[in-house]
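Descriptive analysis of the structure
Chain by chain, the residues run as shown.
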Amino acid sequence: AAGVIQSPRHLIKEKRETATLKCYPIPRHDTVYWYQQGPGQDPQFLISFYEKMQSDKGSIPDRFSAQQFSDYHSELNMSSLELGDSALYFCASEPQNSYEQYFGPGTRLTVT
Amino acid sequence: AQKVTQAQTEISVVEKEDVTLDCVYETRDTTYYLFWYKQPPSGELVFLIRRNSFDEQNEISGRYSWNFQKSTSSFNFTITASQVVDSAVYFCALSFLDAGGTSYGKLTFGQGTILTVHP
């Protein structure tokens, strides 16, 4: 069965650089969520999209932005990277009215 | 506001022992969903179970069982006859529906319990 695809799986950036993380949801899933998991922490909700519109927003820094495209894939753009942005970033997709999120494998971002 | 508490930071057991992971939640919503996820060392989040607030039936799936007690706001997870492959971080999580039935499906996670099963 198709799963959520995230790319890249690993990314190393320097401080003040930008990064773009991509998420390809499971086909026919109309909602995408982004989470950030710092080392030894639980995942924290960043932002979500339903039918290409932002549906909810969590503790996402102003330096981060995200969107969902017409093909339902989503991108998380991160600028002016800081050391504290080093984390595992998960994308999850959800079929309509299922209340069950399917997580991708995550992108491990390291900022040096 | 929603909150999930997993008081056990780390648990260590020997293979074949039974182990229970505790989860206590707080929410003012009447309709909500509770989840358990497993995060093995490889890092992915593996869905284990979802339970809605109206369904207090306990569930068993192989060696896994879940006990949902609405009266005590708890959703505990038991692994019977643990195995080394069960070693992972386990997260309990909560999401809710607002009064209009809109799914604010973002998950609020507990802090996680690190389970180590020794051979």
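Heads up: the structure comes first, above all this text.
Residues numbered from 1 in each chain as written. Chains lettered and ligands numbered in written order. Predicted model: local features only at pLDDT ≥ 70, side-chain atom pairs only at ≥ 80, totals over all residues. Heavy atoms only, no water.

**Quick word on the overall build of chain B**
For chain B, the count of helices and strands is zero helices and twelve strands. In chain B, the order of α-helices and β-strands from amino to carboxyl end is β-β-β-β-β-β-β-β-β-β-β-β. Structurally, chain B occupies a C-alpha span of about 50 × 30 × 20 Å along its principal axes. Relative to its 119 residues, chain B shows a buried fraction of 44%. At a minimum sequence separation of 6, the contacts of chain B that also span at least 24 residues come to 56%. (Helix = DSSP H or I, 4+ residues; strand = E, 2+ residues; numbered from the N terminus. Buried < 20%, exposed > 50% of the residue type's maximum accessible area, 1.4 Å probe, protein only. Contact = heavy atoms within 4.5 Å.)

**A look at the layout of surface pockets**
All names here are of chain A. Its volume calculated, the largest pocket comes out at about 400 Å³. Forming the walls of the largest pocket are 24 residues, and the residues nearest its centre are Q37, G38, P39, G40 and Q41. The element best represented in the lining of the largest pocket is strand β11 (residues 107-111), accounting for three residues. (1 Å grid on protein atoms, 1.4 Å probe; cavity = no way out; pocket = protein on both sides within 12 Å on 5 of 7 lines; lining within 4 Å. Points joined across faces, edges and corners; volume = space filled by probe spheres on them.)

**Here we look at the packing of aromatic side chains**
Taken as a whole and assessed by the stated rule, the structure comprises 20 aromatic pairs over all chains. Relative to B:F68, the ring of B:Y25 lies with its centre 6.3 Å away and its plane at 45°, an arrangement referred to as tilted. Taken together, the residues B:Y25 in strand β4 (residues 24-26) and B:F68 in strand β8 (residues 64-69) connect sequence positions 43 residues apart. Its relative accessible area of 2% is what places B:F68 among the buried residues. Ring geometry for B:Y64 against B:W66: centres 6.0 Å apart, planes inclined by 80°, an arrangement best described as edge-to-face. No difference in accessibility class separates B:Y64 from B:W66, as the two residues are buried. Taken together, the aromatic side chains of A:Y33, A:Y35, A:F45, A:F90, A:F103, B:F35, B:Y37, B:F47, B:F91 and B:F109 make up a single cluster linked through ring pairs. (Phe/Tyr/Trp six-rings, centres within 6.5 Å; stacked < 30°, edge-to-face > 60°.)

**Focus: the state of the cysteines**
Residue and element names in this part refer to chain A. A complete count under the given rule lists two disulfides over all chains for this structure. Paired through a disulfide, C23 and C91 show a sulfur-sulfur distance of 1.7 Å. Between C23 and C91, the disulfide has an S-S torsion of -50° and is therefore left-handed. Of this pair, C23 sits in strand β3 (residues 19-24) while C91 sits in strand β9 (residues 87-94), and the two are 68 residues apart along the sequence. For the pair shown, C23 and C91 are each scored as buried. (Disulfide = S-S within 2.5 Å.)

**Quick word on the side chain of B:S53**
Residue and element names in this part refer to chain B. Relative to the helices and strands, S53 resides in the loop between β6 (46-52) and β7 (59-61). Take S53: its relative accessible area is 1%, and that puts it in the buried class. In terms of polar contacts, S53 uses its side chain to reach the backbone carbonyl oxygen of T30, at 3.0 Å. (Polar contact = N/O pair within 3.5 Å; in protein donor to acceptor, adjacent residues only side chain to side chain.)

**Concerning the environment of B:S82**
Residues and elements named next belong to chain B. As for its position among the elements, S82 is in the loop between β9 (74-79) and β10 (88-97). The exposure class assigned to S82 is buried, which follows from its relative accessible area of 1%. Separated by 78 residues in the primary sequence, S82 and V4 have C-alpha atoms spaced 24 Å apart. Residue contacts for S82: discarding those within four places in its chain leaves V13, V14, E15, K16, E17, R63 and V117. Among the polar contacts listed, one links the side chain of S82 to the backbone oxygen of E17, at a separation of 2.8 Å.

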